[in-house]
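Here's the letter readout for the chains.
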Amino acid sequence: NNEKSVPQLLIRDLKFEKKSLAKLMFSPDQENHPSKAPVKYGELIVLGYNGSLPNGDRGRRKSRFALFKRPKANGVKPSTVHIACTPQAAKAISNKDQHSISYTLSRAQTVVVEYTHDSNTDMFQIGRSTESPIDFVVTDTVPGSQSNSDTQSVQSTISRFACRIICERNPPFTARIYAAGFDSSKNIFLGEKAAKWKTSDGQMDGLTTNGVLVMHPRNGFTEDSKPGVWREISVCGNVFSLRETRSAQQRGKMVENETNQLQDGSLIDLCGATLLWRTAEGLARTPTVKHLEALRQEINAARPQCPVGFNTLAFPSMKRKDVVDEKQPWVYLNCGHVHGYHNWGTKEERAGPERECPMCRSLGPYVPLWLGCEAGFYVDAGPPTHAFSPCGHVCSEKTTAYWSQIPLPHGTHTFHAACPFCAHQLAGEQGYIRLIFQGPLD
């Protein structure tokens, strides 16, 4: 009952200054002179990292990777097909200076498809290998891990040369994805055990061991987005329904009316890490880090208070996104009441994370709130009114609603919704909660 006498507010009640925020909505690319800037095709953002890798972004290992038009085209396209009777003959055909894909059908037969230079496209390669052909080095994502040391003990399921993205150098700069990447000797080698076949027009195609899965959202990457259907992409960029498990020998059915063309918001799963593709146009409509910082300052300026201790709460700065601050807001995940940290409410007979909210007596986990700092995951520029459960990452209502509906691949044959900022599997009925802040009493 004491709840009624206390002034409460939802963050949406804070009158956000629309004009001042609108100025911050434009991406940094638009602030510079666009004519001089290199053409950006888009960006890949790894799910599970809130703005940077735990030990910092270094070189080709980082949480997001921008694809820019190269000074000189490096794309390739298939040309000559050779059928070799022995693996030795196949090796002789696959010239070190020319890209090729080798399909081993049996000990007695290998098909080698040579690839030739394509002056109209740029190629970008993604994988676990740190060898020079890989542009973006991706390692396995461990949910909620605070350091890379947490991730090293896991046997990686990401392929060393996982996939390649080919971008058209001319407008509309279409980006397409293909399974497998070329190694240091410019070869893709599909061994005897890999799923492979001859296509109706006499070409070869195949799948990689753990596969490259793609999901295109419906209605683009906007506040109206809905999850699409996960598909598998072949080495030649054809689209298939999923295999029974990730590495099953039998391929799925070919999906004729879908393509390997990436759209704003497409998800790419490499079996161990999931990447979000954002187009340059999509990023231009996305809130910037400046905008998120302005929202953080707006909330803090409203001086939300702990309804019990009456101390003022404040979200820590974006740079301090892993250290719990003494003014940090905490939330009871079952009801959404926001408090400052306190250590009462744990009953001895109720061991575990269950705590009793002093406002409404509901039981549930009690966690610190963190702002979602990776702007690329936001589907709109709305205020941070909702938090994912059980991790406490805060962002806009539409962003929490969207990600809570997305089944992300997990292991070799399961899917579950996860927080994009830390990759923790979502819990509770919805996977997120509306936050109830208390305003200052004066």
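You'll find the structure just up there.
Quick caveat, the model's predicted, so the values are computed rather than measured. (Residues numbered from 1 in each chain as written. Predicted model: local features only at pLDDT ≥ 70, side-chain atom pairs only at ≥ 80, totals over all residues. Heavy atoms only, no water.)

Student: Is there a simple way to explain the overall build of the chain in this structure?
Tutor: The helix and strand inventory of the chain stands at 7 helices and 30 strands. For the chain, the residues scored as buried account for 52% of the 442 residues in total. Taking the intrachain contacts of the chain between residues at least 6 apart in sequence as the baseline, contacts between residues at least 24 apart amount to 65%. Of the roughly 21000 Å² that the chain leaves accessible, carbon and sulfur atoms contribute 50%. (Helix = DSSP H or I, 4+ residues; strand = E, 2+ residues; numbered from the N terminus. Buried < 20%, exposed > 50% of the residue type's maximum accessible area, 1.4 Å probe, protein only. Contact = heavy atoms within 4.5 Å. Areas by Shrake-Rupley, 256 points an atom, 1.4 Å probe, with all protein chains shown as cover.)

Student: Can you help me understand helix H7 (residues 397–404) in this one?
Tutor: Count 3.6 residues to each turn of an α-helix, and residues three or four apart come out pointing the same way. Within H7, 6 of the 8 residues are buried, leaving the element largely enclosed by the surrounding structure. Of the residues making up H7, those classed as buried are Thr399, Thr400, Ala401, Tyr402, Trp403 and Ser404.

Student: Before we go on, may I ask you to explain the environment of Asp269 in this structure?
Tutor: Turning to its location among the elements, Asp269 is positioned in strand E17 (residues 267–269). For Asp269 and Leu213, which are 56 residues apart along the polypeptide, the C-alpha to C-alpha distance reads 5.0 Å. Within the structure, Asp269 has its side chain in polar contact with the backbone nitrogen of Cys271 (distance 3.0 Å). Polar contacts involving the side chain of Asp269 include one to the side chain of Thr274, which spans 2.6 Å. (Polar contact = N/O pair within 3.5 Å; in protein donor to acceptor, adjacent residues only side chain to side chain.)

Student: Which parts of the structure should I look at to understand the sheet that holds strand E2 (residues 40–46)?
Tutor: Strand pairing in a sheet takes place through backbone hydrogen bonds and is either antiparallel or parallel in direction. The strand order across the open sheet built from 7 strands is E3-E2-E18-E17-E14-E15-E16, with neighbouring strands paired in antiparallel fashion. Looking at the sheet topology across the chains shown, the edges are occupied by strand E3 (64–68) and strand E16 (239–240). Summarising the sheet, E17 and strand E18 (residues 274–279) pair through 3 bridges and their orientation is antiparallel. Each bridged residue has a counterpart across the sheet, and for Asp269 the counterpart in E18 is Thr274. (Pairing = 2+ DSSP bridges.)

Student: Would you explain the nonpolar core in this entry?
Tutor: Across soluble globular proteins, nonpolar side chains show a tendency to be buried alongside one another. Residues Leu44, Leu67, Ile126, Ile165, Ile177, Ile268 and Leu270 are the most contacted members of the largest nonpolar core, which totals 45 residues. In this structure Leu67 touches Val39, Lys40, Tyr41, Gly42, Leu44, Phe124, Ile165, Cys167 and Trp277, once residues within four positions along its chain are discounted. Among the nonpolar cores identified, the runner-up in size contains 31 residues, and Met215, Tyr378, Leu408 and Leu426 belong to it. (Core = buried A, V, L, I, M, F, W, Y, C linked by side-chain atoms within 4.5 Å.)

Student: Any chance you could explain the packing of aromatic side chains here in plain terms?
Tutor: What describes a pair of aromatic rings is the distance from one ring centre to the other and the angle between the planes of the rings. For the structure on display, the rule yields 18 aromatic pairs. By the ring-pair criterion, three or more aromatic residues cluster together here, those being Phe221, Phe377, Tyr378, Phe388, Tyr402, Trp403 and Phe421. It is Arg251 that lies over the ring of Trp197; its NZ or CZ is 4.3 Å from the centre. (Phe/Tyr/Trp six-rings, centres within 6.5 Å; stacked < 30°, edge-to-face > 60°. Lys NZ or Arg CZ within 6 Å of the ring centre and 35° of its normal.)

Student: Just to check I follow, could you spell out the side chain of Thr274 for this structure?
Tutor: Among the secondary structure elements, Thr274 is positioned in strand E18. Residue classification places Thr274 among the buried residues on the basis of a relative accessible area of 8%. Once residues within four sequence positions are removed from consideration, Thr274 is found in contact with Ile45, Val46, Leu47, Trp230, Leu267, Ile268, Asp269 and Leu408.

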